[in-house]
Amino acid sequence: MTQTNGQDAQTQVWNGAAGEAWVSLQTHLDQLFAGFETRLAEAVAPQAAQQVLDVGCGTGATVLATARRLGADGHCLGVDLSRAMIERARQRAASAELPASFEIADAQAMPHRAQRFDRIQSRFGVMFFAYPVAGFARLRKLARPGGELHAMTWRERADNPFMTLANQVAAPLVPELPVPQPGAPGQFALADPVLIRNVLAGAGWQQVSVERLDQRCTMPAFALETYVTRMGALGRVWNGLDVARQQRLRQRLLEAFERFVSGGQVQFTAACWEIKAQA
Ligand SMILES: C[S@@+](CC[C@H](N)C(=O)[O-])C[C@H]1O[C@@H](n2cnc3c(N)ncnc32)[C@H](O)[C@@H]1O
């Protein structure tokens, strides 16, 4: 795998606890974020002969959904930094006979595919570039002239209480919890719409649109405990905590997250940006 400078930290994160968590929670995360998957797939015309690149495809849900829309001459390639997530994606695709394939790769460093793709899409996979302008400029070069970009990112932390509550609850008990650094790659790195526009303009994308997208998300309540203890910054330090601290924290987390549980389901609205542009 070729990598750009400064990407090593993300490669480590996604090949460690973060990647493992996404693999073990794959079914629930697919359900949770299904609305975004449908939106990406339905943007592709049925039976289209398009070449699609899915950036940061993870365990493959959006690639498989897109490939189901494409015709025999179309193809969707999913790329991701995480070996474990790509392995899961390949397992899922193996029996499906779809025009889909997967590669372990840094999307910012795919030199041999210039102007190859009609469409570049991503569900939450483009907020982790060490140098966002350079990263999106690389993506633009991978798109054919006039090719489309269609990506989803998270809006501000304050708009996404479900995504920030675990850190808030854990912080007093877990001083070793990594503190998010402003401007650093991460879930909320593209939360500012002005920044998104500047990054895409700097990267040479045209006809940029950045629209609010509020998406209802659900998953079974029984998956909540694993979700809050394995995902995000807390998930990365969870195994290093002693059993007593894990127990105290688990109880506090489940109490705090009760507000998102109703009728046996976790339910919340994800506050996101839907980004579209043309190469
Ligand atoms: C939040 S997860 C989303 C996964 C998937 N898109 C989904 O929605 O299920 C972000 C993914 O982006 C991947 N990623 C981050 N930076 C990347 C890069 N430069 N090139 C390829 N993948 C990257 C991570 O490995 C991770 O799988």
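Residues numbered from 1 in each chain as written. Predicted model: local features only at pLDDT ≥ 70, side-chain atom pairs only at ≥ 80, totals over all residues. Heavy atoms only, no water.

**Q** Explain the overall build of the protein chain to me, using residue names and the numbers behind them.
**A** In terms of regular secondary structure, the protein chain is built from twelve helices and eight strands. Expressed as a percentage of the 279 residues in the protein chain, the buried residues total 51%. A separation of at least 24 residues holds for 83% of the contacts in the protein chain among residues at least 6 apart in sequence. Approximately 12600 Å² of the protein chain is accessible, and the part contributed by carbon and sulfur atoms is 48%. (Helix = DSSP H or I, 4+ residues; strand = E, 2+ residues; numbered from the N terminus. Buried < 20%, exposed > 50% of the residue type's maximum accessible area, 1.4 Å probe, protein only. Contact = heavy atoms within 4.5 Å. Areas by Shrake-Rupley, 256 points an atom, 1.4 Å probe, with all protein chains shown as cover.)

**Q** Which residues make up the site of the ligand, and what values go with them?
**A** Taken together, 19 residues form the shell around the ligand, and within it G56, D80, D106, A107 and R123 come nearest. A distance of 2.9 Å separates a nitrogen atom of the ligand from a polar atom in the backbone of A107. Within the contact set of the ligand, an oxygen atom lies 2.6 Å away from a side-chain nitrogen or oxygen of R123. Here the ligand, which alone exposes 590 Å², has 98% of that area covered by the protein. The class makeup of the residues in the shell around the ligand is ten nonpolar, six polar and three charged. (Near = heavy atom within 4 Å. Polar contact = N/O pair within 3.5 Å; in protein donor to acceptor, adjacent residues only side chain to side chain. Nonpolar A, V, L, I, M, F, W, Y, C, P; charged D, E, K, R; others polar.)

**Q** Can you tell me about the packing of helix α4 (residues 34-42) against helix α5 (residues 61-69), naming the residues and giving the values?
**A** Between α4 and α5, the shortest axis-to-axis distance is 9 Å and the interhelical angle comes to 35°. Regarding α4 and α5, the two cross each other, and that crossing is right-handed. Across the interface between the two elements, E37, L40, A41 and E42 of α4 pack against A61, T62, A65, T66 and R69 of α5. Residue composition of the contact of α4 with α5, by class: four nonpolar, two polar and three charged. (Axes fitted to C-alpha atoms, helices over the stretch in contact; angles between N-to-C directions. Left-handed = near helix turned anticlockwise from the far one by under 90°.)

**Q** Now, about the pairing of strand β5 (residues 143-154): what can you tell me, with residues and values included?
**A** Here strand β4 (residues 117-123) pairs with β5 via six bridges, running parallel. Bridged to R119 within β5 is E148. For the crossover that starts at β4, traverses helix α7 (residues 132-142) and ends in the parallel β5, the hand is right-handed. Here β5 pairs with strand β8 (residues 265-278) via seven bridges, running antiparallel. Within the sheet, the bridge partner assigned to W154 lies in β8 and is C272. (Pairing = 2+ DSSP bridges. Right-handed = clockwise from strand over helix to strand, strands pointing away.)

None of this, on its own, says anything about what the molecule does.
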